[in-house]
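This is what each chain is made of:
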Amino acid sequence: MDKTQIKNHSCLLSMSKVYVKLGSKQVLSDLELQLHPGEIVTVIGPNGAGKSTLVRVLLGLIKPDKGTITRRAGLTIGYAPQKLQLDRTFPLSVQRFLSMAGRAFKSSDILAALSTTKVRHLFNASIHDLSGGEFQRVLLARAMLRRPDLLVLDEPVQGIDMNGQSDMYQLINDIRDQTGCAILMVSHDLHFVMASTDKVICLNQHVCCSGHPEAVSSHPSYLEIFGRAEASLALYTHHHDHRHTDSGHIVADTAATPNKPSETHHG
């Protein structure tokens, strides 16, 4: 496998024709992926589609059998796992947990990261007493401590109720807007994903389809994997001051009026 560094600052990381085989099973085939600053990309797919393997390859934990991975020089990646098993018999505060995140971080750094994820008040709390949503925000703060160029989030709404999921996706968008980092999310969730991402990659060992959410949501491969009934749950509402091309790209609608009611789109 040829691994080089990207000199073009418009792309942070690229995968080309990546293949991964685990045992006798081909997990990823002919994978293509590009991540750019300020972009939110969400990977969706059924169980066993290779989403977790894709994350491990991206993080450098698995070497592909074939293909090329290129990274921008000096690329920093922050990672928030889907879940983390902690020994409940071991007393551990949020501050202590975050101070163990790879290097010696100052309390001011930890407080800043917790402020970014809106849980600064949990600095001295026990990690074992957190709700699902609080714990996910602490994991996100842990990833933000690295001040990443690329933020990788594996099921960031795991264990969070519906209202909390909406808030978490909004927080992720805010982080992108504030820092300009790229974000790669892995998700099973279709209810909010179409409103919370710039690009969707539908994965099932290979990339079945990818592109803008509205284009992907009507693609035959997407409908085949999720079914029309489940896919129809992926609703989002926004002020319709633009129109969509056949490919799903958004262009300004000069005929739109500022007070036009919101319209609900089916994913």
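It should be emphasised that the depicted structure is a prediction, and the values quoted were computed from it without experimental measurement.

Rules of the game
- Here the residue numbers are simple positions, counted from 1 along each chain's written sequence.
- Confidence filtering applies because this is a predicted model: local features only for residues at pLDDT of at least 70, side-chain atom pairs given and counted only at 80 or more, and all residues used for totals across whole chains, interfaces and linings.
- Excluded from the side-chain calculation are hydrogens and water; included are all heavy atoms of the structure.
- By the criteria applied, helices consist of DSSP H or I runs no shorter than four residues and strands consist of E runs no shorter than two, each listed in order from the N terminus.
- Each residue's exposure class comes from its accessible area (1.4 Å probe, protein chains only) as a fraction of the maximum for that residue type: buried when under 20%, exposed when over 50%, partly exposed otherwise.
- We call two residues contacting when some pair of their heavy atoms lies within 4.5 Å.
- The method behind every accessible area is Shrake-Rupley, applied with a 1.4 Å probe, and residues are considered shielded solely by the protein chains displayed.
- What a helix should span is 1.5 Å times the count of its residues minus one.
- In this text, buried Ala, Val, Leu, Ile, Met, Phe, Trp, Tyr and Cys residues form a nonpolar core when linked through side-chain atoms within 4.5 Å.
- Pairs of strands are assigned from DSSP output, requiring at least two bridges between the strands.
- Only rings of Phe, Tyr and Trp enter the pairing, Trp through its six-membered ring, and a pair is recorded when the two centres are within 6.5 Å. The plane angle decides the type: under 30 degrees is stacked, over 60 is edge-to-face, the rest tilted.
- The rule for a salt bridge is simple: a side-chain nitrogen of Lys or Arg has to be within 4 Å of a carboxyl oxygen of Asp or Glu.
- To define axes, lines are fitted to C-alpha atoms, for helices over the stretch in contact only, and angles between the resulting N-to-C directions are given on a 0 to 180 degree scale.

## Quick word on the overall build of the chain
Of regular secondary structure, the chain possesses seven helices and 14 strands. Taking all 267 residues of the chain together, 47% fall into the buried category. Looking at the chain alone, contacts between residues at least 24 apart form 67% of all its contacts between residues at least 6 apart. Split by element, the accessible area of the chain, about 13,500 Å² in all, is 49% carbon and sulfur.

## So, helix α4 (residues 132-144)
For α4, built from 13 residues, the straight-helix expectation of 18 Å at 1.5 Å per residue is met to within 8% by its first-to-last C-alpha distance of 19 Å. Of all 13 residues in α4, 10 are buried, a share of seventy percent or more. Within α4 the residues assigned to the buried category are Gly133, Phe135, Gln136, Arg137, Val138, Leu139, Leu140, Ala141, Ala143 and Met144.

## Notes on the nonpolar core
Counting residues in hydrophobic clusters, the biggest one holds 36 residues, and the most contacted among them are Leu98, Leu114, Val138 and Leu151. When residues of this core are traced back to their parent elements, those giving at least two are α2 (94-99), α3 (107-116), α4, β7 (150-154), α5 (162-179) and β8 (182-186). When residues of this core are assigned to their parent elements, the largest contribution, seven residues, is made by α4. Here Leu98 is in contact with Phe105, Ile110, Leu114, Val138, Ala141, Arg142 and Leu145, once residues within four sequence places are set aside. Listed in part, the 27 residues of the second largest apolar core include Val43, Ile69, Leu184 and Ile201.

## As for the pairing of strand β9 (residues 199-203)
Most of β9 is tucked away, with four of its five residues classed as buried. Here strand β4 (residues 40-44) runs beside β9; their pairing, made up of four bridges, is parallel. From the neighbouring strand, Ile44 faces β9, where its bridge partner is Cys202. Summarising the sheet, β9 and strand β10 (residues 207-211) pair through four bridges and their orientation is antiparallel. The partner of Cys202 across the bridge, within β10, is Cys209. In this structure, the hairpin formed by β9 and β10 is closed by a connection of three residues, where Gln205 is found at a positive phi of approximately 70°.

## Comments concerning the packing of aromatic side chains
Summed over all chains, the structure comprises one aromatic pair. Between the aromatic rings of Phe97 and Phe135, the centroid separation amounts to 6.4 Å while the plane-to-plane angle is 40°, which identifies the pairing as tilted. Of the two residues, Phe97 sits in helix α2 while Phe135 sits in helix α4, which places them 38 residues apart along the sequence. Across the pair, exposure class does not vary: Phe97 and Phe135 are buried alike.

## Overview of the pattern of salt bridges
Under the counting rule described, the total for this entry stands at four salt bridges. Its salt-bridge partner being Asp149, residue Arg72 comes within 3.6 Å of it at the nearest N-O pair. Residue Arg72 is located in strand β5 (residues 66-72), and its partner Asp149 is located in the loop between α4 and β7; the two are separated by 77 residues in the primary sequence. The class of Arg72 is buried, set by a relative accessible area of 15%. Asp198 is paired through a salt bridge with Arg176; the nearest N and O atoms lie 2.7 Å apart. Highlighted residues: Asp198 in the loop between β8 and β9 and Arg176 in helix α5, separated in sequence by 22 residues. Linked by salt bridges that have partners in common, Arg176, Asp177 and Asp198 make up one network.

## Details of the environment of Arg147
Following the sequence through the fold, Arg147 ends up in the loop between α4 and β7. Through-space distance from the C-alpha of Arg147 to that of Ala113 is 9.0 Å; in sequence the pair is 34 residues apart.

## A short note on the sheet that holds strand β6 (residues 77-80)
The six strands lie next to each other as β6-β7-β8-β4-β9-β10, forming an open sheet whose pairing is mixed. Two strands bound the open sheet, and with one partner strand each, they are β6 and β10. On average, each strand axis in the sheet is tilted by 15° relative to the strand beside it, whichever way the strands run. Where α4 meets the sheet, it contacts β6 and β7, and its direction lies at approximately 165° from that of β6.

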